[in-house]
Amino acid sequence: MIYELKTPVSDEDIKKLRIGDVIYLTGDIVTGRDDVHHRAVLQNKEVPYDLKGKAIFHAGPIMRKNDDGSYKVVSVGPTTSMRMESCEAQFLEKTGVKIIIGKGGMGPKTTQGCIDNCAVHTIYPGGCAVVAAESVNKVIDVEWLDLGMPEALWHLDVNRFGPLIVSIDTEGGNLIDDNKKLFNERKEPIIERITEKLDFLE
Amino acid sequence: MDKNNELSDLLSRFICYSSAHLPDDVYGKLKEMQQVENEGFAATIYDAMFENMKKADELKRPSCQDTGIIQFFVKAGTKFPYLDELEQSLVEAVKIATDKAPLRHNAVEVFDEKNTGTNIGTRVPWIDWELVPGSDSIEVYLYMAGGGCSLPGFAKVLMPLEGYGGVVKAVFDQMTSYGVNACPPCLVGIGIAGSAEVAAKLSKKALLREVGSHNPNPRARMMEEEMEKGLNEIGLGPGGLRGKMSVMGVNIEQAARHPATLAVGMSTACWAHRRGHIRINGDLSYDFISSKGVEL
Ligand code: SF4
């Protein structure tokens, strides 16, 4: 199913999503990756935005500063979500974020976090950072810029941002986990077959 | 402009162009794969990839926001007139390109844990040198080592009795676990040698070889082909979302090993394999090998 959602999203919006559904998202989102999670969860600092019903985009953008001091997005795409696995569930609980956007899957802690906090993890096509930048209407503002350009908390206004492919849903479904199981099943006989052909030792 | 400035300027344009465009061989291979990956999410993602390449070209912007740690692999002619200043020119070129492209700030000093904000840092840009006796030209390979595509990288030393199958297993295990984070379809680079650091370095050199090229040793070539076929049968698809293929290819490079060790190294390049390759002559004329016909 394909859904058009606007932030702030409600629990009802999120509950009906299942892995494999696709979202196009309009509204305001923030970027945040390793350091934002470190600060918000491990150092327990106050996140300077109200993120209830909003989305966090695991991304470290390239930004250009305009002459008037505002910023423009040059290129922004997803980063590896798994790096945030250790504290994403706590981040959801603390902020009320409903949609996580990244690439690759996330693990059991985040899956439980999505069940407990009625949230989803979604995947945006990796490396498609100019297309993503084109769906940003404007950079609203930025906090925690002392962390450096890629690590800061950028507050973006986006229009029909997607495709966001739901990879973890509120029922515990985990698309990438399912895929990895399949990949691993397929792997063993293939390794055996190739190994037989590579008996080069004399 | 003096010749050294001219050289850093040329190199900076080479970096800017390579941040926004994939090399001819990679683009061609992805086009081929798009014909095969014509179903489900795979088709959607390939469409997004090509739309992205088009937009990056039109808007002259880095095609992926992660422009990586900048690495140069230089084959330096010992008679190249600017050899003494070449390292400085490469560093200068990174500074210029960081501002112009613009490149993302990716150099974080270890221990200080501070981003230098310039893409220059301790031993960064990373420069690997090979000397070419008697030549008055240089060949520069640029590689933008992104985070996601560097993540699956590893090197380890196997016992010889684990055999070449041990190499296959180590690579396949890594690809089915970390591979999905490296924005597949990947190019897989494998190094086989006697110790870990040699295998690791060769695995990166393998990525500098064109997609579709082959190791001249018939057994190595057979191993490349078998592994490519096998990885594709696993069907990671673009982004790990399943499909009919996983990789653009498998490139293997080797060095003679110790009788008692069989070391394997692996590096992966993501679909956005920003590998630039240029030859620069003594008079600073150039041949942009990875993007034929493009003027910088
Ligand atoms: S793996 Fe490659 S395409 Fe994906 S985000 Fe990293 S640099 Fe970009």
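On a predicted model such as this, the values are computed, not experimentally measured, just so you know.

K.L.:
Hey, could you run me through the overall build of chain B in this one?
P.N.:
Summing up its helical and strand segments, chain B has eight helices and 11 strands in all. For 296 residues, the compact-globule estimate of 2.2 N^0.38 gives 19 Å, and the C-alpha radius of gyration of chain B, at 19 Å, lies within 12% of that figure. Referenced to the eigenvectors of the C-alpha coordinate spread, the extents of chain B come out at roughly 55 × 50 × 40 Å. Sorting the 296 residues of chain B into buried and exposed places 52% on the buried side. Considering only intrachain contacts with a sequence separation of at least 6, the fraction spanning at least 24 residues in chain B is 79%.

K.L.:
I would appreciate a short explanation of the overall build of chain A in the present structure.
P.N.:
Scanning chain A from terminus to terminus reveals six helices and nine strands. C-alpha atoms of chain A, sized along the principal axes, occupy 70 × 40 × 35 Å. Counting across all 202 residues of chain A, residues that qualify as buried make up 50%. Considering only intrachain contacts with a sequence separation of at least 6, the fraction spanning at least 24 residues in chain A is 65%.

K.L.:
So what exactly am I meant to see when it comes to the interface of chain A and chain B here?
P.N.:
The accessible area lost on association of the parts is a frequent measure of interface size. Facing 44 residues of chain A, the contacting portion of chain B comprises 49 residues. Residue assignment for the side of chain A that touches chain B shows that the elements contributing at least two residues are β4 (62-65), β5 (71-75), α5 (129-134), β9 (153-168) and α6 (175-197) of chain A. Residue composition of the side of chain A that touches chain B, grouped by class: 24 nonpolar, 13 polar and seven charged.

K.L.:
Help me understand the site of the ligand, please; the structure alone is not making it clear to me.
P.N.:
Surrounding the ligand, one finds 13 residues, the nearest of these being G127 of chain A together with G146, G148, C183 and C270 of chain B. Among the chains of the assembly, those with residues near the ligand are chains A and B. Looking at the shell around the ligand, its residues break down into six nonpolar, six polar and one charged. Counting residues domain by domain, the shell around the ligand receives three or more from each of domain 1 (1-146 + 272-296) and domain 2 (149-269) of chain B.

K.L.:
Just to check I follow, could you spell out the pairing of strand β7 (residues 186-193) of chain B for this structure?
P.N.:
Residue and element names in this part refer to chain B. Of all the eight residues making up β7, eight are buried; the element is thus mostly covered by neighbouring parts of the structure. Every second residue of β7 is oriented toward a common face, with C186, V188, I190 and I192 on one face and L187, G189, G191 and A193 on the other, all of them buried. Both β7 and strand β8 (residues 247-254) contribute to a ladder of seven bridges, which runs parallel. Bridged to L187 within β8 is G249.

K.L.:
In this structure, what is going on with the domain arrangement of chain B? I would like to understand it.
P.N.:
All names here are of chain B. Under the domain assignment, chain B is made up of domain 1 (1-146 + 272-296) and domain 2 (149-269). Taking only C-alpha atoms into account, the centre of domain 1 sits 23 Å from that of domain 2. Counting residues at the interface gives 18 residues for domain 1 and 20 residues for domain 2. Elements with a minimum of two residues in the side of domain 1 that touches domain 2: α2 (24-36), α3 (40-59) and β5 (138-145). The element contributing the most residues to the side of domain 1 that touches domain 2 is α2, with five residues. Of the residues in the side of domain 1 that touches domain 2, the class split is 12 nonpolar, two polar and four charged.

K.L.:
I'm lost on the environment of R104 of chain B in this one. Help?
P.N.:
All names here are of chain B. Along the chain, R104 falls in the loop between α4 (83-100) and β2 (108-109). Judged by the 28 C-beta atoms lying within 10 Å of it, R104 is buried. Between the C-alpha atom of R104 and that of F41, which follows or precedes it by 63 residues, the distance is 29 Å.

K.L.:
I keep staring at the confidence of the model for chain B and nothing clicks. Help me out?
P.N.:
Detailed reading of the predicted coordinates is not advisable wherever pLDDT falls low. With 100% of its residues at a pLDDT of 70 or more, chain B has an overall mean of 97. Interface confidence for the predicted complex, expressed as ipTM, amounts to 0.94; the pTM equals 0.96.

K.L.:
What should I look at first to understand the environment of T80 of chain A in this one?
P.N.:
For T80 of chain A, the position within the fold is in the loop between β5 and α3 (88-95). For T80 of chain A, a count of 27 C-beta atoms within 10 Å gives the class buried. The spatial distance from the C-alpha of T80 of chain A to the C-alpha of R160 of chain A is 22 Å, given a sequence separation of 80 residues. Setting aside its immediate chain neighbours within four residues, T80 of chain A contacts K103 and G104 of chain A together with G147, G148, L151 and N181 of chain B.

K.L.:
What should I look at first to understand unusual backbone geometry in this one?
P.N.:
Outside of glycine, negative phi angles account for most residues, and trans bonds account for most peptide bonds. The peptide bond linking T7 of chain A to P8 of chain A adopts the cis configuration, its omega dihedral lying at -5°. As for its placement among the helices and strands, P8 of chain A is situated in the loop between β1 (2-6) and α1 (11-15). Note that the residue after A101 of chain B, namely P102 of chain B, is joined by a cis bond; omega there is -15°. Structurally, the position occupied by P102 of chain B is in the loop between α4 and β2. In this structure, R160 of chain A is a non-glycine residue whose phi angle is positive, near 45°. Relative to the helices and strands, R160 of chain A is located in strand β9. Taking the number of C-beta atoms within 10 Å as the measure of exposure, R160 of chain A has 12 and is therefore exposed. The residue F111 of chain B is not glycine, and still its phi comes out positive at about 75°.

K.L.:
Please explain the packing of helix α2 (residues 34-42) of chain A against α3 of chain A as it appears in this structure.
P.N.:
All names here are of chain A. Running from amino to carboxyl end, α2 crosses α3 at an angle of 65°, the nearest separation of the two axes being 10 Å. Of the two elements, α2 crosses α3, and the hand of that crossing is left-handed. Side by side, α2 and α3 meet where H37, A40 and V41 of the first sit next to Q90, F91 and K94 of the second. A class-by-class count of the residues in the contact of α2 with α3 yields three nonpolar, two polar and one charged.

The rules behind these values
- Residues numbered from 1 in each chain as written.
- Chains lettered and ligands numbered in written order.
- Predicted model: local features only at pLDDT ≥ 70, side-chain atom pairs only at ≥ 80, totals over all residues.
- Helix = DSSP H or I, 4+ residues; strand = E, 2+ residues; numbered from the N terminus.
- Rg over C-alpha atoms; globule rule 2.2 N^0.38 Å.
- Buried ≥ 20, exposed ≤ 12 C-beta atoms within 10 Å, placed from the backbone.
- Contact = placed C-beta atoms within 7 Å.
- Nonpolar A, V, L, I, M, F, W, Y, C, P; charged D, E, K, R; others polar.
- Near = placed C-beta within 6 Å.
- Domains from an automatic or database assignment.
- Pairing = 2+ DSSP bridges.
- pLDDT = per-residue confidence, 0-100.
- Axes fitted to C-alpha atoms, helices over the stretch in contact; angles between N-to-C directions.
- Left-handed = near helix turned anticlockwise from the far one by under 90°.

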